[in-house]
Amino acid sequence: MESSVIYNIQEGPYWDWKVAVDLFLGGAGVGALLFAVLLDQAFKGRYRRICQTAAWLSPTLVIAGLLFLLFKLGRPMHLPLTYLHFAPTSPLWWGGIFQPLLILGSLWYALKWVSAESDDPGRRRLGWALAPLALIVGGYHGLLLSVITARPLWSTGPTVVTAILGFMATGIAAVMLIHLLRMGLAGRLRNKEHLSTFLDDMRCVRNVLVATLVLQIFTFFLWWLSLNFGTLEDKHALAAANAAYGPLFWIGGIGVGAILPLGVGGLAVWIGEASHRRLQVSAIALTSGMILVGGFFFRLAVVLGGQVRLPVTSLF
């Protein structure tokens, strides 16, 4: 009796848009939490409402991203088994262990902002305790791709740095967009005095966001250099990804997600802040939306582009 071996090979990329959504939402959630903690630590509760928005948005985004990943991987009820198996060399193990802990901790932190005083030392201590946990989860989202050495597009030094900077940018942008919606629903955008104070406060946030986007563009350049002047396999991986998802990455991820927000924001500042308050609000909403859209396009292009089949010659 003859026996035969059947290989069941999936066509196309195994890691699809659901993984990109997890990396995008989870990273933005980490960025939102770090933004709230750092803002509260630096200004002692001065930006109370913005920190409230960030604190509640953080666990919401992380939970949503984790659900997408669990549905993609299958068997979501097996997540508790992660705590019974010690595998520190696996990024998925780190994510399975620390993401639920971060969700619980960030929910506790968000509750600290409900009817809380502006200056609450206990809340700030909790924020400091959660910051390392958020960095671990953020590092997991960055390392999840870079540790796969068989994928040259992912396995580069600037990959993790670019991811973490992207988390901060999308986290801040998500907070600003939701906070503007919250202000509009509460009618505070119609209050000229409140709106003027809000725009004055946004100068600090704007400067942090501009610095983050500039550093992110610089790490994009380093990433391209490491691949373009790397091994033959690196060059083939970059060429294959560019051919398949180049417009999504360069136009969507970098153009819409970084360059255009800097241009629109700079134009709004140049026109003038004091006499064009409505324009400044529109600029904040528009640039935040572009950063979020571009951030997702970037994640999607990297996830899919890293799985493009390389020419056979690149394997030797």
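Check the entry above for the structure.
None of the values given here were measured: they were computed from a predicted structure.

A.B. asks: What's the story with the nonpolar core in this structure? I'm lost.
C.D. replies: As a rule of thumb, nonpolar side chains are buried together in soluble globular proteins. The biggest cluster of nonpolar side chains holds 54 residues, and the ones touching the most others in it are F35, I50, Y109 and F198. Elements with a minimum of two residues in this core: helix 1 (17-43), helix 2 (48-73), helix 3 (91-112), helix 4 (121-146), helix 5 (157-186), helix 6 (192-228) and helix 8 (277-305). Setting aside anything within four residues of it in sequence, one finds Y109 in contact with L33, A36, V37, D40, A55, R123, L126, G127 and L130. Core analysis: the second largest hydrophobic core is formed by 23 residues, L23, L69, V303 and L304 among them.

A.B. asks: Explanation requested: the packing of aromatic side chains in the structure shown.
C.D. replies: Given two aromatic rings, their pairing is described by the distance between the two centres and the angle made by the two planes. Evaluation of the coordinates by the stated rule reveals 11 aromatic pairs. Ring centres of F24 and F296 lie 5.8 Å apart, and the angle between their planes is 70°; this geometry places the pair in the edge-to-face category. A residue pair is termed long-range when its members are at least 10 positions apart, and F24 in helix 1 and F296 in helix 8 qualify at 272 residues. Residue class for F24 comes out buried when judged on its relative accessible area of 14%. For the ring pair F220 and F298, a centre distance of 5.1 Å and an interplane angle of 55° mean the geometry is tilted. Taken as a pair, F220 in helix 6 and F298 in helix 8 lie far apart in primary sequence, 78 residues in all. For F220, a relative accessible area of 7% translates into the label buried. An aromatic cluster is built from F220, W223, F249, W250 and F298, whose rings are joined through pairwise contacts. One residue, R123, lies across the ring of W113, its end atom 3.6 Å from the ring centre.

A.B. asks: I keep staring at helix 7 (residues 232-271) and nothing clicks. Help me out?
C.D. replies: Taking 1.5 Å as the rise per residue, helix 7 with 40 residues should run 58 Å; its terminal C-alpha atoms sit only 48 Å apart, a clear shortfall. When the local axis directions of helix 7 are compared, the greatest deviation, roughly 90°, occurs at Y245, which is followed within four positions by the proline P247.

A.B. asks: In this structure, what is going on with the packing of helix 7 against helix 8? I would like to understand it.
C.D. replies: Two quantities define a packed helix pair, namely the angle between the helix axes and the distance between the axes. Two elements in contact, helix 7 and helix 8, have axes separated by 8 Å at closest approach and are oriented at 165°. The pairing of helix 7 with helix 8 is recorded here as roughly antiparallel in orientation. As for how helix 7 packs across helix 8, the hand of that crossing is left-handed. For the contact of helix 7 with helix 8, the class distribution of residues is 22 nonpolar, eight polar and no charged.

A.B. asks: Help me understand the side chain of S106, please; the structure alone is not making it clear to me.
C.D. replies: Summarising the element assignment, S106 is placed in helix 3. In this structure the side chain of S106 is engaged in a polar contact, spanning 3.0 Å, whose partner is the backbone oxygen of I103. Aside from chain neighbours lying at most four places away, what touches S106 is L33, A55, S58, P59 and L130.

A.B. asks: Just checking my understanding: could you explain the environment of G266 for this structure?
C.D. replies: If you trace the backbone, G266 turns up in helix 7. Among the residues examined, G266 registers a relative accessible area of 39% and is labelled partly exposed. With 17 residues separating them along the chain, G266 and A283 place their C-alpha atoms 9.6 Å apart.

A.B. asks: Looking at this model, I keep getting lost on a nonpolar patch on the surface. Mind explaining?
C.D. replies: Nonpolar side chains collect at one region of the surface, where W56, I63, L67, F71, L107, L111 and V114 lie side by side and expose about 640 Å² of accessible area between them. Listed by contribution, the elements that provide at least two residues to the nonpolar patch are helix 2 and helix 3. Of the residues forming the nonpolar patch, the biggest block, four residues, is contributed by helix 2. With relative accessibility at 31%, the residue L107 sits in the partly exposed group.

A.B. asks: Would you explain the pattern of salt bridges in this entry?
C.D. replies: Oppositely charged side chains are able to pair whenever their charged atoms sit close together. Evaluation of the coordinates by the stated rule reveals two salt bridges. For D16, the salt bridge is made with K18, and the minimal N-O distance between the two is 3.4 Å. With relative accessibility at 17%, the residue D16 sits in the buried group. Among the ionic pairs, R123 bridges to D40, the shortest N-O distance being 3.0 Å. Taken together, the residues span a long stretch of sequence, with R123 in helix 4 and D40 in helix 1 at a distance of 83 residues. Side by side, R123 and D40 carry an identical accessibility label, which is buried.

The rules behind the values
Position numbers for residues count from 1 along each chain, tracking the sequence in the order it is written. Owing to the predicted nature of the model, reporting of local features is limited to residues with pLDDT of at least 70; listing and counting of side-chain atom pairs is limited to 80 or more, with chain, interface and lining totals taken over all residues. Just so you know, side-chain values use all the structure's heavy atoms and leave hydrogens and water out. The definition of a nonpolar core used throughout is a set of buried Ala, Val, Leu, Ile, Met, Phe, Trp, Tyr and Cys residues joined through side-chain atoms within 4.5 Å. For each residue, the accessible area found with a 1.4 Å probe, counting protein chains only, is set against the maximum for its type, and the residue is called buried under 20%, exposed over 50%, and partly exposed in between. Strands here are runs of E lasting at least two residues and helices are runs of H or I lasting at least four, both read from the DSSP assignment and numbered beginning at the N terminus. Here, two residues are considered to be in contact whenever any of their heavy atoms come within 4.5 Å of each other. To pair, rings of Phe, Tyr and Trp, with the six-membered ring standing in for Trp, must have centres within 6.5 Å; the planes then decide the type, stacked if under 30 degrees apart, edge-to-face if over 60, and tilted in the middle. Throughout this description, the term charge over a ring refers to an Arg CZ or Lys NZ atom that lies within 6 Å of the ring centre and within 35 degrees of the ring normal. Here the expected length of a helix is defined as 1.5 Å per residue gap, with one fewer gap than residues. At every residue, the bend is computed as the angle between two fitted axes, covering the seven residues ending there and the seven beginning there respectively. Axes here refer to lines fitted to C-alpha atoms; in helices the fit is confined to the stretch in contact. Angles between the N-to-C directions go from 0 to 180 degrees. Throughout this description, any angle smaller than 35 degrees is read as roughly parallel, any larger than 145 degrees as roughly antiparallel, any in the 65 to 115 degree range as roughly perpendicular, and the remainder as oblique. Should the near helix be turned anticlockwise from the far one by less than a right angle, the crossing is termed left-handed; should it be turned clockwise, right-handed. Residues are grouped as follows: Ala, Val, Leu, Ile, Met, Phe, Trp, Tyr, Cys and Pro are nonpolar; Asp, Glu, Lys and Arg are charged; all remaining types, including Gly, are polar. Definition of a polar contact: a pair of N or O atoms within 3.5 Å, with one able to donate and the other able to accept a hydrogen when the atoms are protein atoms, and with sequence-neighbouring residues admitted only if both atoms are side-chain atoms. Each patch is built from residues lacking any salt bridge and having more than 30% relative accessible area; the joining distance is 9 Å for like charges and 5 Å for nonpolar side chains (Val, Leu, Ile, Met, Phe, Trp, Tyr). The accessible surface values rely on the Shrake-Rupley method and a 1.4 Å probe; as for residues, cover is taken only from the protein chains in view. The rule for a salt bridge is simple: a side-chain nitrogen of Lys or Arg has to be within 4 Å of a carboxyl oxygen of Asp or Glu.

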